[in-house]
Amino acid sequence: MSAGPARAEPVAPRAGDPQAARGFRRALRATLGRSYPRIIGSNRDKSWLFYDTVLPLLGTVSFVYVYKTFGAPERFLAYVIMGGATTAFWMNVMWSMAAQFYWDKQAGNLELYMVAPCGLLPILLGMSLGGLVATTLRAVVIVAAGSLLFGVSYAGGQIPALLLVFAVAMVALYGLGITFASVFLMWGREAWHMANTFMEPVFLLSGFYFPVRALGFWVGLGASLIPLTLALDAMRRLLFPGAHPALLPLAAEVGILAALAVGFAIAAWVSLRKMEMLARREARLSLRF
Amino acid sequence: MSHAIEIRDLARTYRSKRPPRSGGPATVVALDGVSLDVRPGELFGLLGPNGAGKTTLIKVLVTLLLPSSGSARVAGLDVVADARRVRELITMVSGGETSGYGLLTVREQLWMFAQFYGIPGRRARARIDELLEVVGLGEEGDRRVSALSSGMRQKMNLVRGLVPDPEILFLDEPTVGLDVGAAREIRAYIKRWIGEKPNRTILLTTHYMAEADDLCDRVAIIYKGRIIACDTPAALRRRSARGSRFVLTTDPLDPGARLGDLPGVVGTEMRTADGRSELELQLADDGAISGVVRALSEGDRKIYSLQKLEPSLEDVFVEIVGRRMEEADEPPSG
Amino acid sequence: MPAVGDVVERGAPARIGRLRRWTRTLRVAWWLGWQVESNWTDPLRFFTYAVARPLGGALILYFMYRVVAGVGRGAAVGFFVIGAAFWPLVVGGMFGMVLGVIGDREHWRTLRYIYTAPISWRAYLIGRALAQQTSSLAAVPITLVFGIFVLQIPISPGTVRPALLTAALALGIVSAIAMGTLVVSAALSISGEAWRMPEAIGAALYLLCGVIFPVQVLPGALRTASEAFPFTWWLEAVRRALLGPGGVRSFPAIGDGAVLARLALLAAAWSVAAILVFGFAERRARRLGILDRESAF
């Protein structure tokens, strides 16, 4: 082994460096650091091109043909394409956020995260950021390919409102993902099965392939706890003004989404702290299988 | 800070997953009233068989696990109340780790972890390059983690633990599963690091006697969740009540040779092969060997080799526990 | 010196011994697969897990139909419910087999020990596939009962033809195992990402095989391709066996006997192809030394 002194400065606080500022900088660095593998992963492993775009597109096309069987109007085809793109976000949140700590535990990463001074929240935020960037790219590919394939067109007059709805919904959705990350970690091997179990019921309740109003007002309102429900409904209304039977007025939908974003952010923070204490008390982090 | 690590009456029990057999315990005691002090600058070893409680103790100290009772302070901070501040001062490296993202390169993986410790990017990259060179992974920095051998991966993990330049480094079985060469390199670097940074502390757990003997300033032997001995390796060996032992090779001896009757000879074992006899002698004290040498010379036997056998930590363990280390493994408790 | 297997089955004629070992391996693999599939939770939660997806899938299609047709009843609903209820058998068969290779190789790390045991690895993988199919099959009657009583699909004792249903089910299971064998053959050659292959192949077959819409809606080339897969005919036969003559059909011009005959022929053809391809893939993996190579993905 070659010799050579390792002369790095210790990480100890510098004089005049307030602890809060140092903590914030560290959290920011941790968030960006953890988002890196998510973003670079898309570049390194090209299998996502097939699995995360072609695959959802195939499923989407199947549902498009269902509407074609009925001779449904064009906007229904667009509903399915938008729903298909949204599945990419749900899958990302379930498999790469909620179930991620479970995989990290299996791989031995979780213990290292837990002893890192940045805490778990910046690490999860990093995963969200990386996941959001990569998944948005995938969703755009699905919408573009699906729309071109079936000749679907949209009204493009309200793009800023559309982006606002999307942004608020994503904050709420990834907040939900972070909350689930703690819950799934406690469930252990059940996490995988629960993520699987939730798929079709969520696609149903959130109206991925049909206007959620079809479920009835109260069921639709209950399903609005899943951020994608109102996000899809609001975006469909903006893309098909006048034709889409929306559940609530636009302002109400955006307001509820914003409330969900705040609510899930708090829930994520609380559940992470609870999970961490529970894991330390009951030694669940030591169990691999 | 008078002690780097200060442990008082620490206990940790786990709820047993198995239903208790008739009268059997429903809980498993992993740590049972452990008290220990590790001084700043010390390379302290925790030696014990599998399931003795080593990893549980390290998990409590690195804030992964809460104690059931008792207290532990790391760098003067309580591991329960001040967990976040403790984490700023420590890192942990476990042996046999499979952690890491296969699609990242070694440098990227280490950079990512450096970010979790808040090290600015440029400083982190410079330090990573420097440490990779030192552990002999300079050429592998741009290889993907998934392409590394287990020895390389462990060196990478060691670098991960060293990049934040911790006050206290926890090494949990750092050489387990490695080949002899890789294990020797890891041990050599651990020694160098602590040698160059006299104000840093290492707590190392191992079940390899030779590793503890070779590396540690002091060693605590842990068995069934209790510390049963704690001292320097030399002092522990001196505790051995096995007295003085020698091995001697000579011309073939008559099986009836009565060396055991010589003064100071407590016991003998003889093996004869290839025209030579090998004698293992247990003596009351070192001085008794001269009587044995004289008796052989008078019997016209040449002496080809003579070696004094120092008691090992294994001997100390056997004497205290009554079993060899590998026979003392316990099922994992948690 | 006798082989290990001979010692295990001492005294039995060679052929009977082989058959017994094969079926025992199948049984043990089925048991193992069932444990992996079900022992993570209590029976009630497992039951919920088993029925949530097919029921959810059927309801999605029901509401899609309702928003366009304006009514909730019709022959089309029966078509969807049967597709949603039975399709998990196909995906389960493929997924069980792939788990037998990728799961054992990457997660449990037991592949090398199972492969070097004196058992038929094919029997083991088929057992794992059957275990997955068992849990999928358990959800079928629940989904159908839900369809009959809640969605009012037209299934009654008068419409059900048990002989056709039994024959179709058996051939469907064989076809799913054949498809699983082909998928696993590919999985032997690629990295841990192979665990997503059943999902990928499943999505393609979902589109091609008329699971949720009659295949006549597909464009010409895709329609021709759909007829080459046994699952297209399998679902057609199952629908005919349950819904009777009033149901929506993918091939209204073809008789029941001809549908079953095509299913049997395609099941046999795909099975032969699967055996050949698997043998090739296994030999290749051994030659390249990648049979038990973990991908550390």
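To be clear, the structure that these remarks concern was listed above.
Source: prediction; values computed, not measured.

Colleague: Whenever I open this one, the overall build of chain A confuses me. Can you help?
Modeller: Per the secondary structure count, chain A includes eleven helices and zero strands. Counting from the amino terminus, chain A carries its helices and strands in the arrangement α-α-α-α-α-α-α-α-α-α-α. If you line up chain A on its principal axes, its C-alpha atoms span 75 × 40 × 40 Å. Within chain A, the fraction of its 289 residues that count as buried is 58%. Of the contacts made within chain A by residues no fewer than 6 positions apart, 78% connect residues no fewer than 24 positions apart.

Colleague: What is the right way to read the nonpolar core from this model?
Modeller: General note: in soluble globular proteins, nonpolar side chains tend to be found buried as a group. Judged by nonpolar contacts, the single largest core of 271 residues is most densely connected at Phe 101 of chain A, Phe 170 of chain B together with Phe 86 and Trp 121 of chain C. Examining the composition of this core, we find that 18 residues originate from one element, helix α4 (residues 75-107) of chain C, more than from any other. With sequence-adjacent residues up to four places away left out, Phe 86 of chain C is seen in contact with Val 140, Leu 144, Leu 169, Trp 234, Leu 235, Val 238 and Leu 242 of chain C. If you look at the next biggest cluster of nonpolar residues, it comprises twelve residues, including Leu 259, Leu 279, Leu 281 and Ile 289 of chain B.

Colleague: What am I meant to see in the side chain of Ser 94 of chain B here?
Modeller: Summarising the element assignment, Ser 94 of chain B is placed in strand β6 (residues 90-94). For Ser 94 of chain B, a relative accessible area of 11% corresponds to the buried category.

Colleague: Where do I start with the environment of Phe 229 of chain C in this structure?
Modeller: Residue and element names in this part refer to chain C. Tracing the backbone through its elements, the reader meets Phe 229 in the loop between α9 (220-226) and α10 (230-243). In this structure the C-alpha to C-alpha distance between Phe 229 and Ile 275, which are 46 residues apart in sequence, comes to 17 Å. Excluding its chain neighbours within four sequence positions, the residues that come into contact with Phe 229 are Met 179, Leu 205, Leu 208, Cys 209, Leu 266 and Trp 270.

Colleague: What is the right way to read the interface of chain B and chain A from this model?
Modeller: Accessible area lost upon the coming together of the parts serves often as the stated size of an interface. Listed by partner, the interface residues are 56 residues for chain B and 49 residues for chain A. Between chain B and chain A, roughly 4800 Å² of surface is buried when both sides are summed, and carbon and sulfur atoms account for 55% of that area. Scanning the region where chain B abuts chain A turns up four salt bridges. If you look at where chain B meets chain A, you find twelve residue pairs in polar contact (both at pLDDT 80 or more). Here the residues of the side of chain B that touches chain A sort into 25 nonpolar, nine polar and 22 charged.

Colleague: How do you make sense of helix α6 (residues 180-196) of chain B when you look at a structure like this?
Modeller: Given 3.6 residues to a turn, an α-helix orients residues that are three or four positions apart in the same direction. Residues and elements named next belong to chain B. In a regular helix each residue adds 1.5 Å, so 17 residues correspond to 24 Å; α6 covers 24 Å between its end C-alpha atoms and thus fits that length. Turning to α6, its buried residues are Ala 182, Ala 183, Ile 186, Arg 187, Tyr 189, Ile 190, Trp 193 and Ile 194. The buried residues of α6 occupy an angular sector of 165 degrees when the element is viewed end-on, so they sit on one face. Within α6, the exposed residues directed more than 90 degrees away from the buried face are Val 180, Arg 184 and Gly 195.

Colleague: What is the right way to read the pairing of β6 of chain B from this model?
Modeller: The side chains of a regular strand alternate, first on one face of the sheet and then on the other. Residue and element names in this part refer to chain B. The buried count for β6 comes to five of five residues, which makes it a mostly enclosed element. Alternating residues of β6 divide into Ile 90, Met 92 and Ser 94 and Thr 91 and Val 93, and every residue in both groups is buried. Sheet topology places β6 next to strand β7 (residues 168-172); five bridges connect them, and they run parallel. Within the sheet, the bridge partner assigned to Val 93 lies in β7 and is Leu 171.

Colleague: Honestly, the packing of helix α2 (residues 47-70) of chain A against helix α3 (residues 74-98) of chain A in this entry has me stumped. Any pointers?
Modeller: Packed helices, taken two at a time, are described by the angle between their axes plus the distance between the axes. Residue and element names in this part refer to chain A. It is at 9 Å that the axes of α2 and α3 come closest, and there the two elements cross at 160 degrees. Taken together, α2 and α3 sit at an angle that is classed as roughly antiparallel. Our pair here, α2 against α3, has a crossing hand that is right-handed. Residues Pro 56, Thr 60, Phe 63, Val 64, Tyr 67 and Lys 68 of α2 pack against Phe 76, Leu 77, Val 80, Ile 81, Gly 84 and Thr 87 of α3. For the contact of α2 with α3, a count of residues per class yields eight nonpolar, three polar and one charged.

Colleague: It is not clear to me how the side chain of Asp 165 of chain B should be interpreted in this structure. Could you clarify?
Modeller: Among the secondary structure elements, Asp 165 of chain B is positioned in the loop between α5 (150-162) and β7. Within the local environment of Asp 165 of chain B, its side chain forms a polar contact with the side chain of Arg 200 of chain B, the two groups lying 2.9 Å apart.

Colleague: Please explain helix α6 (residues 120-150) of chain A as it appears in this structure.
Modeller: Over its 31 residues, α6 of chain A extends 44 Å from the first C-alpha to the last, a length consistent with the 45 Å expected when each residue adds 1.5 Å. Positive backbone phi, approximately 60 degrees, marks Gly 151 of chain A, located one or two places after α6 of chain A.

Colleague: Hey, could you run me through the sheet that holds strand β3 (residues 43-47) of chain B in this one?
Modeller: Strand pairing in a sheet relies on backbone hydrogen bonds. The paired strands run either parallel or antiparallel. Residue and element names in this part refer to chain B. Taken in spatial order, the six strands make up an open sheet running β6-β7-β8-β3-β9-β10, and their pairing is mixed. On the outer flanks of this sheet lie β6 and β10 (226-231), each paired with one strand and no other. Taken pair by pair, the neighbouring strands of this sheet meet at an average axis angle of 15 degrees, ignoring direction. Alignment of β3 against strand β9 (residues 218-223), held across four bridges, turns out to be parallel. By the bridge assignment for β9, Leu 47 is matched with Ile 221. Contacts between α5 and the sheet are confined to β6 and β7, with β6 contributing the most and set at about 170 degrees to the helix.

Colleague: Teacher, can you tell me more about the interface of chain C and chain A here?
Modeller: Listed per partner, the contact involves 40 residues of chain C and 39 residues of chain A. Roughly 3600 Å² is buried in total at the junction of chain C and chain A, and carbon and sulfur atoms are behind 74% of that figure. One can count one salt bridge joining chain C with chain A. Note that Arg 53 of chain C and Glu 200 of chain A form a salt bridge whose closest N and O atoms lie 2.7 Å from each other. For the pair chain C and chain A, the number of links is two residue pairs in polar contact (both at pLDDT 80 or more). Among the elements of the structure, α2 (14-38), α3 (43-69), α4 and α8 (197-208) of chain C are those that each provide at least two residues to the side of chain C that touches chain A.

Colleague: I'm lost on the packing of helix α7 (residues 159-187) of chain A against helix α8 (residues 190-205) of chain A in this one. Help?
Modeller: Residue and element names in this part refer to chain A. In contact at an axis separation of 7 Å, α7 and α8 are set at 125 degrees when each is read in the N-to-C sense. By the angle between their directions, the pair α7 and α8 is classed as oblique. Contacts between α7 and α8 involve Phe 180, Phe 184 and Trp 187 on the former and, on the latter, Glu 190, Ala 191, Met 194, Ala 195 and Phe 198.

Colleague: Where do I start with the pairing of β7 of chain B in this structure?
Modeller: All names here are of chain B. Among the five residues of β7, five are classified as buried, and the element is accordingly described as predominantly covered. Of the two faces of β7, both are covered, the one formed by Ile 168, Phe 170 and Asp 172 as well as the one formed by Leu 169 and Leu 171. In terms of strand pairing, β7 meets strand β8 (residues 201-206) through five bridges, oriented parallel. Note that in β8 the partner of Asp 172 across the bridge is Thr 205. For the segment spanning β7, α6 and β8, crossover handedness is right-handed.

Colleague: I'm lost on the packing of aromatic side chains in this one. Help?
Modeller: Between two aromatic rings, the relevant description is the distance of the centres plus the angle of the planes. Tallying each qualifying case throughout the model produces 34 aromatic pairs over all chains. Ring centres of Phe 70 of chain A and Phe 80 of chain C lie 5.8 Å apart, and the angle between their planes is 70 degrees; on these two criteria the pair is classed as edge-to-face. In this pair, Phe 70 of chain A sits in helix α2 while Phe 80 of chain C sits in helix α4, so the two residues belong to two different chains. We classify Phe 80 of chain C as buried; its relative accessible area is 4%. Look at Tyr 79 of chain A and Phe 240 of chain A: their rings are 6.0 Å apart centre to centre, the planes differ by 85 degrees, and that puts the pair in the edge-to-face class. Here Phe 240 of chain A lies in the loop between α10 (227-239) and α11 (250-282) and Tyr 79 of chain A lies in helix α3, a separation of 161 residues in the sequence. Assigned by exposure class, Tyr 79 of chain A and Phe 240 of chain A land together as buried. Put simply, the rings of Tyr 67, Phe 70, Phe 76, Tyr 79, Tyr 154 and Phe 240 of chain A together with Tyr 65 and Phe 80 of chain C touch in pairs and so form one group of aromatic residues. Directly above the aromatic system of Phe 113 of chain B lies the positively charged group of Arg 160 of chain B, at a separation of 5.5 Å from the ring centroid. For Arg 276 of chain B, the ring lying beneath its charged end belongs to Tyr 304 of chain B, and the centroid distance is 3.6 Å.

The rules behind these values
Residues numbered from 1 in each chain as written. Chains lettered and ligands numbered in written order. Predicted model: local features only at pLDDT ≥ 70, side-chain atom pairs only at ≥ 80, totals over all residues. Heavy atoms only, no water. Helix = DSSP H or I, 4+ residues; strand = E, 2+ residues; numbered from the N terminus. Buried < 20%, exposed > 50% of the residue type's maximum accessible area, 1.4 Å probe, protein only. Contact = heavy atoms within 4.5 Å. Core = buried A, V, L, I, M, F, W, Y, C linked by side-chain atoms within 4.5 Å. Buried area = accessible area lost by both parts, 1.4 Å probe. Salt bridge = Lys/Arg side-chain N within 4 Å of Asp/Glu carboxyl O. Polar contact = N/O pair within 3.5 Å; in protein donor to acceptor, adjacent residues only side chain to side chain. Nonpolar A, V, L, I, M, F, W, Y, C, P; charged D, E, K, R; others polar. Expected span 1.5 Å × (residues − 1). Arc of directions from axis to C-beta. Pairing = 2+ DSSP bridges. Axes fitted to C-alpha atoms, helices over the stretch in contact; angles between N-to-C directions. Parallel < 35°, antiparallel > 145°, perpendicular 65-115°, else oblique. Left-handed = near helix turned anticlockwise from the far one by under 90°. Right-handed = clockwise from strand over helix to strand, strands pointing away. Phe/Tyr/Trp six-rings, centres within 6.5 Å; stacked < 30°, edge-to-face > 60°. Lys NZ or Arg CZ within 6 Å of the ring centre and 35° of its normal.

Limitation: the analysis is restricted to geometry and does not speak to function.
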